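This is what each chain is made of:
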Amino acid sequence: EVQLVESGGGMVQPGGSLRLSCAASGFTFSSYDMSWVRQAPGKGPEWVSAINTGGGSTYYADSVKGRFTISRDNAKNTVYLQMNSLKPEDTAIYYCKAGNGYWGQGTQVTVSS
């Protein structure tokens, strides 16, 4: 059974940091590009970041470039999203995605004073 389990969300003040994790199982993790996608209340999904299978190539939406860092550990079947300098507009449910087919259940990130 394919599973993607996100963790690390929570509430943080503006300017704070969080590190999201996504633990994968049930498929060959190292063969899949991985992405993070977020959905804010009342809005559609927004692609945030992606990383290729080996971790050597990373991509970011302009809205998070310079503040977020994606990484992966293929030995641990886990992808991470380090989020720094968080802003209220980063408030959303964050989902990890494997390739074009597998999604996690999401983790809530709330940035508020």
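Refer to the structure above for everything that follows.
The structure displayed is predicted, hence computed values, not measured ones.

1. Details of the packing of aromatic side chains
- Going through the model one piece at a time under the given rule, you end up with four aromatic pairs.
- Between Tyr-32 and Tyr-102, the aromatic rings sit 5.8 Å apart at their centres with planes inclined by 40 degrees, giving tilted as the arrangement. Here the residue Tyr-32 occupies a position in the loop between β3 (18-25) and β4 (34-39), and Tyr-102 occupies one in strand β10 (residues 102-103), the gap between them amounting to 70 residues.
- Taking relative accessible area as the criterion, Tyr-102 reaches 28% and is therefore assigned partly exposed.
- A centroid spacing of 6.1 Å and a plane angle of 75 degrees characterise the contact between Tyr-95 and Trp-103, whose relative ring orientation is edge-to-face.

2. What to know about the pairing of strand β11 (residues 107-111)
- Judged by how many residues are buried, β11 sits mostly within the fold: four of five residues are covered.
- Bridge count for strand β2 (residues 10-12) against β11 is three bridges, and the pairing is parallel. Of the residues in β11, the one forming a bridge with Val-12 is Val-111.
- Pairing geometry for strand β9 (residues 92-98) and β11, over three bridges, is antiparallel. Opposite Tyr-94, over in β11, you have Thr-107 as the bridge partner.

Reading the values: the criteria
- Residues numbered from 1 in each chain as written.
- Predicted model: local features only at pLDDT ≥ 70, side-chain atom pairs only at ≥ 80, totals over all residues.
- Heavy atoms only, no water.
- Phe/Tyr/Trp six-rings, centres within 6.5 Å; stacked < 30°, edge-to-face > 60°.
- Helix = DSSP H or I, 4+ residues; strand = E, 2+ residues; numbered from the N terminus.
- Buried < 20%, exposed > 50% of the residue type's maximum accessible area, 1.4 Å probe, protein only.
- Pairing = 2+ DSSP bridges.

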